[in-house]
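Geometric and topological summary
Each chain, written out:
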Amino acid sequence: MTPNTPLERAKDGVAAAVNRFADELEALSHRIHDHPELAFREEKAASWLTEFLEAKGALVERGIGGLPTAFRATVAGSGPGPTIAILAEYDALPGIGHACGHNVIATAGAGAGAAIASALRPLPFGGAIQVIGTPAEEGGAGKVKLMEAGVFRDVDAAMMIHGRPGTQVWRPSLGIVKVKCEFFGKAAHASSWPWRGVNALNAVIQLFVAFDAMRQQLRPDARVHGVITNGGAQANIIPEYTSAEFYLRAPHTDYCRELLQRFEAAAGGAATATGCTVKVTADPIVHEPLRPNAAMAGLFAQNLQRIDFPEDPDDGEAGYASTDCGNLSQALPTIHPYIRICPDGVPGHSREMAEWARSPLARTGMIAAAKAMAMTALDLLANPADLARAKEDFARGAS
Ligand SMILES: [Zn+2]
Ligand SMILES: [Zn+2]
């Protein structure tokens, strides 16, 4: 028996509302899944999510922070107080669609906001709850752009969920320095005048070979990987221009920067070996690792227990990924729990994961996540001591 307090009644109310909206949320999740949209071009997803939130009573602003596909849906409280944000991602991956399950993130966040708006208008507590639609997680660092535009200036704490093969409230993420490398050679006929050419494809191949050798001497938790984005135009022309993109990842951004220095040396060596010139351009946005927040994670875990949704032990099968939510977590108290949407062992960014992202398991995870996020946001508004502990944890975690 949960005590009959305004907070517990509010939690029961939002859980019942999520159950009422469950079919609608699943249909919305599938519609987003069926229409995968890439970073900053998530027009359909943004318009479907905002229509849904508006219909349930939230006050919607579209195109916030200078990003046309970002949005904010606000449910106001009974007076002044803190602002708690629930984040929604909805971008897909090139070629493999919703293989990161952002359709589930989107509908869990929108479901939480819609349930609060519908069951508790106005909120029985001071402050406000916002659902913030954050475009371009995959490759565009949309949250960093929204932070720079001031969208999170008045937010006291933020949360989102991410799907994976297991429910873990805390899981680390890696920092990333993203880097582009271009080689400039000289075009010539590949058969009749090859000695007059300078081969930029050989340079990029040399860089990958050097990079693979370098990997042997990296810390085991670092990850470096890349793709050739331009490998030449046609086989009968010595390639005069090639380009490649790499992610240099590690649990600490200091080591990411060290990786960048080593990368620059390898790129210079590849250019020298082939007679090309090279240009290395590091993305000015550095992805930061997630800063933990035990107080908020604890509230989220208690709310999962309240709805009988089990946490899983880490099966140890997977390494860590990265998220632009890391940067937000370094700016204000933030959690990024993982929710099971597939069986053990399904890799993220795989075609299997894209299938699981529209499965009954994904529906179950999405519903649980919507409830747990709505309840955690209510905890933070109703109990100033909980928010104070979240802020203390944030301050303690400064690195
Ligand atoms: Zn992803
Ligand atoms: Zn993702």
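Attention here is on the structure that accompanies the text.

Cut-offs applied
All residue numbers refer to position in the chain's written sequence, counted from 1. Both sets of labels track the order of writing: A upward for chains, 1 upward for ligands. The model is predicted, so local features are restricted to residues of pLDDT at least 70 and side-chain atom pairs to those at 80 or more, both for listing and for counting; the totals for chains, interfaces and linings are taken over all residues. Just so you know, side-chain values use all the structure's heavy atoms and leave hydrogens and water out. By this definition, two strands are paired if DSSP reports at least two bridges between them. Where helices and strands are cited, they refer to DSSP runs of H or I of at least four residues and of E of at least two residues respectively, numbered from the N terminus. Orientation is described by axes fitted as lines to C-alpha atoms, over the contacting stretch for helices, and by angles from 0 to 180 degrees between their N-to-C directions. Here a residue-residue contact requires only that any non-hydrogen atoms of the pair lie within 4.5 Å. Only nitrogen, oxygen and sulfur atoms qualify as donors, and only when within 2.8 Å of the metal (3.2 Å in the case of Na, K and Ca); with water excluded, sites may look incomplete. With a 1.4 Å probe rolled over the protein chains alone, any residue whose accessible area is under 20% of its type maximum counts as buried; one over 50% counts as exposed, and the rest are partly exposed. Stacked, tilted and edge-to-face are the three classes applied to pairs of Phe, Tyr and Trp rings, where Trp contributes its six-membered ring and a pair requires centres within 6.5 Å; stacked means planes under 30 degrees apart, edge-to-face means over 60, and tilted covers the rest. We call a charge positioned above a ring when the Lys NZ or Arg CZ atom is no farther than 6 Å from the ring centre and deviates by at most 35 degrees from the ring normal. Only protein atoms enter the 1 Å grid, on which a cavity is a set of points fitting a 1.4 Å probe that cannot get out and a pocket is an open set with protein on both sides within 12 Å along at least 5 of 7 lines, lining residues being those with an atom within 4 Å of a point. Grid points are joined across faces, edges and corners, and a volume is the space filled by probe spheres set on the points. Note on residue classes: Ala, Val, Leu, Ile, Met, Phe, Trp, Tyr, Cys and Pro are nonpolar, Asp, Glu, Lys and Arg are charged, and everything else, Gly too, is polar. In these notes the angle categories are as follows: under 35 degrees is roughly parallel, over 145 is roughly antiparallel, 65 to 115 is roughly perpendicular, and the rest is oblique. Here a crossing is called left-handed whenever its near helix is offset anticlockwise from the far helix by less than a right angle, and right-handed whenever the offset is clockwise. Here a polar contact is recorded for every N or O atom pair within 3.5 Å, except that within protein the pair must consist of a potential hydrogen donor and a potential acceptor, and residues adjacent in sequence are included only if both atoms are side-chain atoms.

1. Regarding the sheet that holds strand S10 (residues 277–282)
- The antiparallel open sheet is built from 4 strands, whose spatial order is S8-S9-S7-S10. Strand pairing shows two members of the sheet lacking a second neighbour, strand S8 (223–230) and S10, which therefore form its edges. Taking the axes of each pair of neighbouring strands and ignoring which way they run, one obtains an average angle of 20 degrees across the sheet.
- Of the strand pairs in this sheet, strand S7 (residues 175–184) and S10 are connected by 6 bridges, and their pairing is antiparallel. Bridge pairing links Val-179 to Ala-282 in S10.
- Against the sheet, helix H5 (residues 200–215) contacts S7, S8 and strand S9 (241–250), and its axis sits at roughly 15 degrees relative to S9.

2. Describing the coordination of the zinc ion (ligand 2)
- Every protein donor of the zinc ion (ligand 2) is accounted for by Cys-100 (SG), His-102 (NE2) and His-162 (NE2), and the metal-donor separations fall at 2.1 to 2.3 Å.
- One chain supplies every donor to the zinc ion (ligand 2), and in sequence these donors are spaced C-x1-H-x59-H.
- Here the zinc ion (ligand 2) and the zinc ion (ligand 1) are spaced 3.1 Å apart, and both take Cys-100 as a donor. You can see His-102 sitting in helix H3 (residues 102–119) and its partner His-162 sitting in strand S6 (residues 162–164), a full 60 residues away along the chain. As far as the burial class goes, His-102 and His-162 line up, both buried.

3. Description of the packing of aromatic side chains
- Applying the stated criterion across every chain yields a total of 8 aromatic pairs.
- Judged by centre distance (5.8 Å) and plane angle (15 degrees), the rings of Phe-71 and Tyr-90 are stacked. Note that Phe-71 is positioned in strand S2 (residues 71–76) and Tyr-90 in the loop between strand S3 (83–88) and H3, a separation of 19 residues in sequence. There is no split in this pair, since Phe-71 and Tyr-90 are both buried.
- Ring geometry for Trp-193 versus Trp-195: centroids 6.5 Å apart, planes at 55 degrees, classification tilted.
- Looking at Trp-193, the relative accessible area reads 47%, which means it is partly exposed.
- The class of Trp-195 is exposed, set by a relative accessible area of 64%.
- By the ring-pair criterion, three or more aromatic residues cluster together here, those being Phe-208, Phe-211, Phe-246 and Phe-263.
- Sitting over the face of the ring of Phe-21, Arg-20 holds its NZ or CZ atom 5.8 Å from the ring centroid.

4. Section: empty space enclosed by the protein
- Enumeration according to the criterion identifies 1 cavity of 30 Å³ or more in this entry.
- Estimates place the volume of the largest cavity at around 50 Å³.
- Forming the boundary of the largest cavity are Glu-26, Ser-29, His-30, Val-104, Ala-357, Arg-358, Ser-359, Ala-362, Arg-363 and Met-366.
- Among the secondary structure elements, those contributing two or more residues to the lining of the largest cavity are helix H1 (6–34) and helix H10 (360–382).
- Here the residues of the lining of the largest cavity sort into 4 nonpolar, 3 polar and 3 charged.

5. Things to note about the sheet that holds S3
- Pairing is mixed across the open sheet formed by 6 strands, whose spatial order is S1-S2-S4-S3-S5-S11. With partners counted over all chains shown, the strands left at the sheet margins are strand S1 (59–62) and strand S11 (334–335), one partner each.
- As paired strands, S3 and strand S5 (residues 157–159) are joined by 3 bridges and run parallel to one another. Within S5, the position partnered with Ala-85 by the bridge is Ala-158.
- Against the sheet, helix H2 (residues 43–55) touches S1, S2 and strand S4 (128–133), its axis set at about 160 degrees to S1.

6. A few points about the coordination of the zinc ion (ligand 1)
- Surrounding the zinc ion (ligand 1) are the protein donor atoms Cys-100 (SG), Glu-138 (OE) and His-349 (NE2), at 1.9 to 2.2 Å.
- For the zinc ion (ligand 1), the single-chain donor residues occur in sequence as C-x37-E-x210-H.

7. A few points about the packing of H5 against helix H6 (residues 253–274)
- At their nearest, the axes of H5 and H6 sit 8 Å apart, and the two run at 140 degrees to each other. The pairing of H5 with H6 is recorded here as oblique in orientation. You can see that H5 and H6 cross each other, and the crossing is right-handed. Here H5 contributes Asn-202, Ala-203, Gln-206, Leu-207, Ala-210, Phe-211 and Met-214 to the contact with H6, which in turn contributes Leu-259, Arg-262, Phe-263, Ala-266, Ala-267, Ala-270 and Thr-274.
- A class-by-class count of the residues in the contact of H5 with H6 yields 10 nonpolar, 3 polar and 1 charged.

8. Considering the side chain of Thr-242
- Mapped onto the elements of the fold, Thr-242 is located in strand S9.
- A distance of 2.7 Å separates the side chain of Thr-242 from the backbone oxygen of Ala-200, its partner in a polar contact.
- Apart from the residues within four sequence positions on either side, Thr-242 is in contact with Cys-181, Glu-182, Phe-183, Ala-200, Leu-201, Val-204, Asn-230, Gly-231 and Gly-232.

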